[in-house]
Amino acid sequence: MSLAAYCVICCRRMGTSTSPPKSSTYWRDIRNIIKFTGSLILGGSLFITYEVLALKKSLTLDTQVVEREKMKSYIYVHTVSLDKTENHDTFSTVDIEDHDCAVWLLLRKSRSDDRAARLQAVQEMSEAHHWHDYQYRIIAQACDMRTLTGLARSKESDLRFFLRPPPLPSLKEDSSTEEELRHLLASLPQTDLDECIQCFTALALSESSQSLAAQKGGLWCFGGNGLPYAESFGEVPSATVEMFCLEALVKHSEIPTHCDKIEANGGLQLLQRLYQLHKDCPKVQRNIMRILGNMALNEHLHSTIVRSGWVSILAEAIKSQHIMEASHAARTLANLDRETVPDKYQDGVYVLHPQHRTSQPIKADVLFIHGLMGAAFKTWRQQDNDQDLTEKVSEDETKYTTCWPKSWLARDCPALRIISVEYDTSLSDWRARCPTERKSIAFRSNELLRKLRAAGVGDRPVVWVSHSMGGLLVKKMLLEASKKPEMSTIINNTRGIIFYSVPHHGSHLAEYSVNIRYLLFPSLEVKELSKDSPALKTLQDDFLEFAKDKNFQVLSFVETLPTYIGSMIKLHVVPLESADLGLGDLIPVDVNHLNICKPKRKDTFLYQRTLQFIRDALAKDLEN
């Protein structure tokens, strides 16, 4: 409008003015119009450019905000009628993009009333490796406890399915994890307890009190109450005290009502804090896993365990290359997975294969029972050689394996469930923590028999594999099972027994320990292995009578080389005549007592003959 007005004024001037010449005035006015118009256009362009840039900036989206919005759970819950005949759809696809529909459909399928559909949904989720991060997080936020546990037990599951554990509560002022652990232990019932649990608890609380006093400047003396403290701790005091408390908590967690107390008093969060603090201490982590595995035996605690964030930790641990770490996590997750695991794995019972959910049908069980001073994993490692220990733990288990039943046998016979059992043994009763009678073969066999039956042993054909004293436990367990109608399936389904240097008639180790007093206060286990032990002779006679009309095979191996005990003593632990059961084949092998159950390589006679026996004993069962 201003430009038009200016033009009108200029035209009027041109019409009324008489001076200077008409042509010069006309061109001057044209130049003025051009100058004004150019300035106006330039200014307008700059203004419009500024406005456009400002508008663009105000409309720019923060991509992180978009991702956070996508991570939100778009779950729309309708009002549920009390009429059960109505079909309600708890999920809506409102505001869901096309490529997200599959995620929500799987979530819906995972909550189906059809068990097969739920299992299929979890399997499809675990096989998804092409999703965006936010899609995994949608599943993590929206799935139920059953689905989350299934994903943790699925071998190929992406760890992005699992949210980080929630933040742990802050410690009380002037407190420490050691003190909190001690308070937790002290809060548990201390009356009407088993003698063994009382002993563990008293020792842990006593050592804790001394440690706290020492931290305040007391008890650093070599007399009075300070002496036990000085004798007990060779490491960092707090770490050692924590170990005492954890060992006591392991015993307490075997009692269901005590598990409730541990949960109610914040034990799950405290154990998680300790687990994170001691990532470089496998022994601490294993005891924590034992406690958690025992608590998982109580189904009413499952939701609390999941909410506390433990499933995320277990999902990572079960993928570990370290067999002990993976096996402890596998036990806990199996106890949490009531969808596919009807059995319950109590403390000391570990499934080596399969540790994940599998479509492979399991047709038989193979049980490994270690001997005196053995363990569920280290007893069954490959024979040690001159290589550096750091080179042994590698992903290539064809070169060296820390557990050949898991690495070799599971591959050769994938239809087997392979279980390894662990129990405490000692050579001496010096400073024993539990009553002596609890260490007898009779007591241990009953305890292991109960645990194995709870794990479903006896529901399938069984082959027992034992080393040293473990073979005596196997014999005693079968005798005890034959007397109990509820255990008859174990007898009926036993297909074979392998004995690795089992002292059916006594051991030179026991004879040397008792007579020469090499050991101070030899333990009951050692005494029972002596050649003149009445319990050992009765066990041998009873087993031969029991086995004569039973349809199972027996294979025995025996060492021919002496074993070094310490740096000074060389001893033939189980001689040929003691390893002769009187049933089945007896095969001498040129190894010592420790290596009789540790094949040097997968292609050696020791492993191949063991594998052949298992296949032959289970031939009909594996074919079906």
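As the structure is a prediction and not an experimental result, all values here were calculated from the model.

Draft legend 1. Inspection of unusual backbone geometry at higher detail. Between H353 and the following residue, P354, the backbone shows a cis peptide bond with an omega angle of -10 degrees. Relative to the elements of secondary structure, P354 occurs in the loop between β1 (349–353) and β2 (364–369). Of note in this structure, M373 is not a glycine but carries a positive phi near 65 degrees. Note that M373 resides in the loop between β2 and α18 (389–392). Of the residues examined, M373 reaches a relative accessible area of 42% and is grouped as partly exposed. One non-glycine residue, S501, lies in positive phi territory at about 45 degrees. Relative to the elements of secondary structure, S501 occurs in the loop between β5 (494–500) and α23 (508–515).

Draft legend 2. Spatial organisation of helix α4 (residues 101–110). All buried positions along α4 are accounted for by V103, W104, L106, L107 and S110. Considered in projection along α4, the buried side chains sweep an arc of 155 degrees and stay on one side of the axis. Packing partners of the buried residues in α4 comprise α5 (115–126), α6 (133–142) and α7 (145–152).

Draft legend 3. Representation of the side chain of S312. Residue placement: S312 occurs in helix α16 (residues 310–317). Judged by relative accessible area, which is 15%, S312 ranks as buried. In contact with S312, other than residues within four places in its own chain, are F162, L163 and P165.

Draft legend 4. Highlighting the packing of aromatic side chains. Enumeration according to the criterion identifies 14 aromatic pairs in this entry. Consider the rings of Y350 and F377, whose centres lie 5.4 Å apart with planes at 50 degrees: the pair is tilted. Separated by 27 residues along the polypeptide, Y350 in strand β1 and F377 in the loop between β2 and α18 bring together distant segments of the chain. An identical accessibility class is assigned to Y350 and F377; each is buried. Judged by centre distance (6.4 Å) and plane angle (35 degrees), the ring pair of F546 and F552 falls under tilted. Take F546 and F552: they sit in the same class, and that class is buried. Put simply, the rings of F368, W380, W404, W408, Y500, F557 and Y607 pair up and form one aromatic cluster.

Draft legend 5. Representation of the pattern of salt bridges within the structure. Enumeration over the complete set of coordinates arrives at 24 salt bridges. Between R160 and D158 there is a salt bridge whose closest N-O contact spans 2.9 Å. By relative accessible area, R160 is classed as partly exposed at 34%. By relative accessible area, D158 is classed as buried at 17%. R601 is paired through a salt bridge with D603; the nearest N and O atoms lie 3.1 Å apart.

Draft legend 6. Quick look at the side chain of Q355. Tracing the backbone shows Q355 in the loop between β1 and β2. Here V351 takes part through its backbone oxygen, which lies 3.1 Å from a polar atom of the side chain of Q355. Non-local contacts of Q355, meaning those with residues more than four positions away in its chain, are made with R153, I318, A326, S327, A330 and K406.

Draft legend 7. Helix α12 (residues 256–264), seen in detail. Buried residues of α12: H258, C259 and I262, and no others. All buried residues of α12 lie within an arc of 105 degrees about the axis, which places them on one face of the element. When the buried face of α12 is taken as reference, the exposed residues oriented beyond 90 degrees from it are T257 and A264.

Draft legend 8. Broad picture of the sheet that holds β2. Spatially, the 7 strands line up as an open sheet ordered β1-β3-β2-β4-β5-β6-β9, and their pairing is mixed. A single partner strand is all that each edge strand has here, and the edge strands are β1 and β9 (585–589). Sheet twist, expressed as the average angle between the axes of neighbouring strands with direction ignored, equals 20 degrees. In this sheet, strand β6 (residues 553–559) lies alongside β5 in parallel orientation, the contact comprising 5 bridges. The partner of I498 across the bridge, within β6, is L555.

Draft legend 9. Inspection of the packing of α4 against α5 at higher detail. Relative to each other, α4 and α5 sit at 145 degrees, their axes nearing to 7 Å. For α4 against α5, the interelement crossing comes out left-handed. Residue-level contacts link L106, L107, K109 and S110 of α4 to A117, R118, Q120, A121, E124 and M125 of α5. Its residues assigned to classes, the contact of α4 with α5 shows 5 nonpolar, 2 polar and 3 charged.

Draft legend 10. Region of the structure containing the packing of helix α19 (residues 404–412) against helix α27 (residues 605–617). Here α19 crosses α27 at 50 degrees, and the two axes come no closer than 11 Å. When the axes of α19 and α27 are compared, the pair comes out oblique. Viewed along their axes, α19 and α27 form a crossing whose handedness is right-handed. Residues W404, W408, L409 and D412 of α19 pack against Y607, T610, L611, I614 and R615 of α27. Considered class by class, the residues forming the contact of α19 with α27 number 6 nonpolar, 1 polar and 2 charged.

Draft legend 11. Focus on the nonpolar core. With 64 residues, the main nonpolar core has I139, L246, L249, I305 and W310 as its most contacted residues. In terms of residue count, the dominant contributor to this core is helix α11 (residues 237–252) (8 residues). If we skip the residues at most four places from it in the chain, L246 touches L181, L271, L274, V284, N287, I288 and I291. Membership of the second largest hydrophobic core comes to 49 residues, among which are L448, M477, L536 and L581.

What counts, and at which threshold
- Residues numbered from 1 in each chain as written.
- Predicted model: local features only at pLDDT ≥ 70, side-chain atom pairs only at ≥ 80, totals over all residues.
- Heavy atoms only, no water.
- Helix = DSSP H or I, 4+ residues; strand = E, 2+ residues; numbered from the N terminus.
- Buried < 20%, exposed > 50% of the residue type's maximum accessible area, 1.4 Å probe, protein only.
- Arc of directions from axis to C-beta.
- Contact = heavy atoms within 4.5 Å.
- Phe/Tyr/Trp six-rings, centres within 6.5 Å; stacked < 30°, edge-to-face > 60°.
- Salt bridge = Lys/Arg side-chain N within 4 Å of Asp/Glu carboxyl O.
- Polar contact = N/O pair within 3.5 Å; in protein donor to acceptor, adjacent residues only side chain to side chain.
- Pairing = 2+ DSSP bridges.
- Axes fitted to C-alpha atoms, helices over the stretch in contact; angles between N-to-C directions.
- Left-handed = near helix turned anticlockwise from the far one by under 90°.
- Nonpolar A, V, L, I, M, F, W, Y, C, P; charged D, E, K, R; others polar.
- Parallel < 35°, antiparallel > 145°, perpendicular 65-115°, else oblique.
- Core = buried A, V, L, I, M, F, W, Y, C linked by side-chain atoms within 4.5 Å.

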